[in-house]
Amino acid sequence: MPFPFWSLATVLKIFQRFHGKWTRLPGTGSTGKDLMLRYMLDTNICIELMKNQPPQVVNKFEECFVGEVVMSAITFAELQYGVQISENPDQQQAHLKELIEDIPVMAFETFTALSYGPIRTATRLSKRDHLDKLIAAHAVSLDVVLVTNNERDFSKYPGLKIENWLK
């Protein structure tokens, strides 16, 4: 952890200054219009970014433009819950706000819900992980790679592409 006291937004701004890759795309917004989506971050990766800024994850960000990496509204909801139950909610809310400055939150829309049916059907015997199924459906509907440190659980969802940036 080279800079544990720096926020992710600060680290990304430094990389932008020195590497010039982190620039806003025209029309960047929560609907995904005008975004060149490539990756969706799972909750566990977002938590790692908020707490530790692992160098291997920061290095992967260096290879991307802003707008290529997003998070699901489901992930955002999970993070909001984590903020509320944390020992320091105000500080954690500030960290989450900084995180979403550079990582757009994608709305869970009707076309996304259409991807949920096949995923839930394929794993209907599993009565847990409903939020993971929603996140997986969101990534499938947007045709992006889900970045997770939970490869084992996510590998069972049909049509989902996954990567682990912590390895």
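Residues numbered from 1 in each chain as written. Predicted model: local features only at pLDDT ≥ 70, side-chain atom pairs only at ≥ 80, totals over all residues. Heavy atoms only, no water.

A.B. asks: Before we move on, can you summarise the overall build of the chain with the specific residues and values?
C.D. replies: Looking only at helices and strands, the chain has 8 helices and 5 strands in total. In sequence order, the secondary structure elements of the chain are arranged as α-β-α-α-β-α-α-β-α-α-β-α-β. Within the chain, contacts between residues separated by at least 24 positions form 71% of all contacts whose residues are at least 6 apart in sequence. (Helix = DSSP H or I, 4+ residues; strand = E, 2+ residues; numbered from the N terminus. Contact = heavy atoms within 4.5 Å.)

A.B. asks: An account of the packing of aromatic side chains is requested, with residue identities and associated values reported.
C.D. replies: The relation between two aromatic rings is expressed through the spacing of the ring centres and the mutual angle of the planes. Tallying each qualifying case throughout the model produces 3 aromatic pairs. Ring geometry for Tyr-39 and Trp-165: centres 4.9 Å apart, planes at 70°, overall edge-to-face. With Tyr-39 in strand E1 (residues 39-41) and Trp-165 in the segment after strand E5 (161-163), this residue pair connects regions lying 126 residues apart in the sequence. Here Tyr-39 matches Trp-165 in class, with each residue buried. Ring plane angle 85° and centroid distance 5.7 Å describe the contact between Phe-61 and Trp-165, whose orientation is recorded as edge-to-face. (Phe/Tyr/Trp six-rings, centres within 6.5 Å; stacked < 30°, edge-to-face > 60°. Buried < 20%, exposed > 50% of the residue type's maximum accessible area, 1.4 Å probe, protein only.)

A.B. asks: Tell me what's going on with the pairing of strand E2 (residues 69-72), and back it up with residues and numbers.
C.D. replies: Along E2, one buried face is formed by Val-69 and Met-71 and the opposite face, lined by Val-70 and Ser-72, is buried too. Sheet topology places E1 next to E2; 3 bridges connect them, and they run parallel. Residue pairing for E2: Met-40 is matched across the bridge by Val-70. With 2 bridges connecting them, E2 and strand E3 (residues 105-106) associate as parallel partners. Counted as the bridge partner of Ser-72 is Met-106 from E3. (Pairing = 2+ DSSP bridges.)

A.B. asks: Talk me through the layout of surface pockets; I want residue IDs and the actual numbers.
C.D. replies: Approximately 270 Å³ is the volume found for the largest pocket. If you trace the largest pocket, you find it lined by Thr-43, Ile-47, Met-50, Lys-51, Glu-78, Leu-79, Tyr-81, Gly-82, Val-83, Ile-85, Ser-86 and Gln-92. Of all elements in the fold, only helix H2 (43-51) and helix H4 (73-85) reach the threshold of two or more residues within the lining of the largest pocket. With 6 residues, the top contributor of residues to the lining of the largest pocket is H4. Here the residues of the lining of the largest pocket sort into 6 nonpolar, 4 polar and 2 charged. (1 Å grid on protein atoms, 1.4 Å probe; cavity = no way out; pocket = protein on both sides within 12 Å on 5 of 7 lines; lining within 4 Å. Points joined across faces, edges and corners; volume = space filled by probe spheres on them. Nonpolar A, V, L, I, M, F, W, Y, C, P; charged D, E, K, R; others polar.)

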